[in-house]
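# Observations on the three-dimensional arrangement
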Amino acid sequence: MIGFYVLIGVISLVSWLISNKLKSKFKYYSKVQLRNGMSGAEIATKMLADHGITNVQVISTPGMLTDHYNPLKKTVNLSEGVYNQRNAAAAAVAAHEVGHAVQHAQAYQWLTMRSKLVPIVSITSKFSQYMVIGGIILGAATSGSTGGLGFYIALAGLVFMALGTLFSFITLPVEYDASNRALAWLKNKNIVSPEEYKGSEDALKWAARTYLVAALGSLAMLLYWGIRILGSRD
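Residues numbered from 1 in each chain as written. Predicted model: local features only at pLDDT ≥ 70, side-chain atom pairs only at ≥ 80, totals over all residues. Heavy atoms only, no water.

Going by the annotation in an unreviewed UniProt entry, the name recorded for the protein is Zinc metallopeptidase, with Aureibaculum marinum given as the source organism.

Our next topic: the layout of surface pockets. One number sums up the size of the largest pocket: a volume of about 630 Å³. Asp67, Glu97, His100, Glu175 and Tyr211 are, among the 26 residues lining the largest pocket, the residues nearest its centre. Mapped onto the lining of the largest pocket, the elements with two or more residues apiece are helix 1 (2-29), strand 2 (68-70), helix 4 (88-105), helix 5 (109-141), helix 6 (144-188) and helix 7 (194-231). Ranked by residue count, the leading element in the lining of the largest pocket is helix 7, at 5 residues. For the lining of the largest pocket, a count of residues per class yields 14 nonpolar, 7 polar and 5 charged. The space that makes up the second largest pocket amounts to roughly 360 Å³. What lines the second largest pocket is a set of 16 residues, and nearest its centre among them are Gly164, Thr165, Ser168, Ala214 and Ser218. Elements represented by at least two residues in the lining of the second largest pocket include exactly helix 1, helix 5, helix 6 and helix 7. (1 Å grid on protein atoms, 1.4 Å probe; cavity = no way out; pocket = protein on both sides within 12 Å on 5 of 7 lines; lining within 4 Å. Points joined across faces, edges and corners; volume = space filled by probe spheres on them. Helix = DSSP H or I, 4+ residues; strand = E, 2+ residues; numbered from the N terminus. Nonpolar A, V, L, I, M, F, W, Y, C, P; charged D, E, K, R; others polar.)

Non-glycine residue leucine 65 carries a positive phi angle of around 55°. Its relative accessible area of 36% is what places leucine 65 among the partly exposed residues. Look at lysine 74: it is not a glycine, yet its phi comes out positive at around 55°. With respect to the secondary-structure elements, lysine 74 resides in the loop between strand 2 and strand 3 (75-79). (Buried < 20%, exposed > 50% of the residue type's maximum accessible area, 1.4 Å probe, protein only.)

Now for the UniProt feature "transmembrane region" (unreviewed entry) in the protein. If you check UniProt for "transmembrane region" (unreviewed entry), the listed places come out as residues 6-22, 117-143, 149-172 and 206-227 in our numbering. Annotated as residues 6-22, this span is 100% helix and 0% strand, and its ends, taken at the C-alpha atoms, are 24 Å apart. End-to-end, the C-alpha atoms of residues 149-172 are 36 Å apart, and along that stretch the chain is 100% helix and 0% strand. (UniProt positions renumbered as here; feature names shortened; annotations may be inferred.)

One open sheet accounts for 3 strands, arranged 1-3-2; its pairing is mixed. The open sheet has two edge strands with one neighbour each: strand 1 (57-61) and strand 2. Across this sheet, the average inter-strand angle for adjacent strands is 30°, counted without regard to direction. In the sheet, strand 2 pairs with strand 3 via 3 bridges, with the strands oriented antiparallel. (Pairing = 2+ DSSP bridges. Axes fitted to C-alpha atoms, helices over the stretch in contact; angles between N-to-C directions.)

Here we come to the side chain of threonine 124. Among the structural elements, threonine 124 can be located in helix 5. Apart from the residues within four sequence positions on either side, threonine 124 is in contact with Phe160 and Leu163. (Contact = heavy atoms within 4.5 Å.)

On to the nonpolar core. In globular proteins that are soluble, nonpolar side chains generally tend to be buried together. Of all hydrophobic cores here, the largest spans 42 residues; its most connected members are Ile43 and Val76. Secondary structure elements with two or more residues in this core: helix 1, helix 2 (40-50), strand 3, helix 4, helix 6 and helix 7. By residue number, the principal contributor to this core is helix 4, which donates 11 residues. Sequence-distant contacts of valine 76, that is, excluding residues within four places in its chain, are made with Val56, Gln57, Val58, Ile59, His68, Tyr69, Glu97, Val98 and Ala101. (Core = buried A, V, L, I, M, F, W, Y, C linked by side-chain atoms within 4.5 Å.)

Right, let's get into the environment of glutamate 196. Relative to the helices and strands, glutamate 196 is located in helix 7. Separated by 165 residues in sequence, glutamate 196 and lysine 31 have C-alpha atoms that sit 11 Å apart. What glutamate 196 contacts, discounting residues up to four positions off in sequence, is Val32, Gln33, Leu34, Arg35, Ala88 and Ile191. At 2.8 Å, the side chain of glutamate 196 forms a polar contact with the backbone nitrogen of serine 193. (Polar contact = N/O pair within 3.5 Å; in protein donor to acceptor, adjacent residues only side chain to side chain.)

Two numbers describe how helix 4 lies on helix 7: the axes approach to 8 Å, and their chain directions differ by 60°. When the axes of helix 4 and helix 7 are compared, the pair comes out oblique. The two elements helix 4 and helix 7 meet at a crossing, and its hand is right-handed. Contacts from Ala88, Ala91, Ala92 and His96 in helix 4 reach Glu196, Ser200 and Leu204 in helix 7. Partitioned by chemical class, the residues of the contact of helix 4 with helix 7 number 4 nonpolar, 2 polar and 1 charged. (Parallel < 35°, antiparallel > 145°, perpendicular 65-115°, else oblique. Left-handed = near helix turned anticlockwise from the far one by under 90°.)

Have a look at this one:
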């Protein structure tokens, strides 16, 4: 189990470093005020209008970096700082979340695939690790048919874990595409100046890295437990 704790430690450390860097980037670019004076809410509303989307509402949600698009309620949820602020960071986040609304309106295949997996992964992710660890313990503590049962419980947990990993990797093109749509619109519509654009681009780049680290971490965990479970059969 030492390898498991080392792996958890490494993944947690990298995630913490990326998360801290992201927060510092957003704090820095929050000081870069937009020359056009538009708030995050106004930018989101304009981007929706420019794409002919009239059935999506822009609303404010509590917290920091809690911004997201809700495809069921068709709302672009912007954190209070992004909703009201008029800076490069707010512009980047607002446009990024609208990017997801545009994906939804255009039936972007990766978003559609991700949305179909959400109800499945929301259930399997709650049980996968418990099943894997519980199955391994059961297999080690018993023998015969019961030991075999432990293996199959762990294997089922591994399949559940694989679904979570798949979900993490499908999320990557969804997030990168939303950022690309956002940056292209900000630039083509002259919403931001060249200096403001660089800030928005850098902020979204670091935001995307959090998803990349999460996906790689999920893959590392899957491989670790896969070797432990399948290797025990040799």
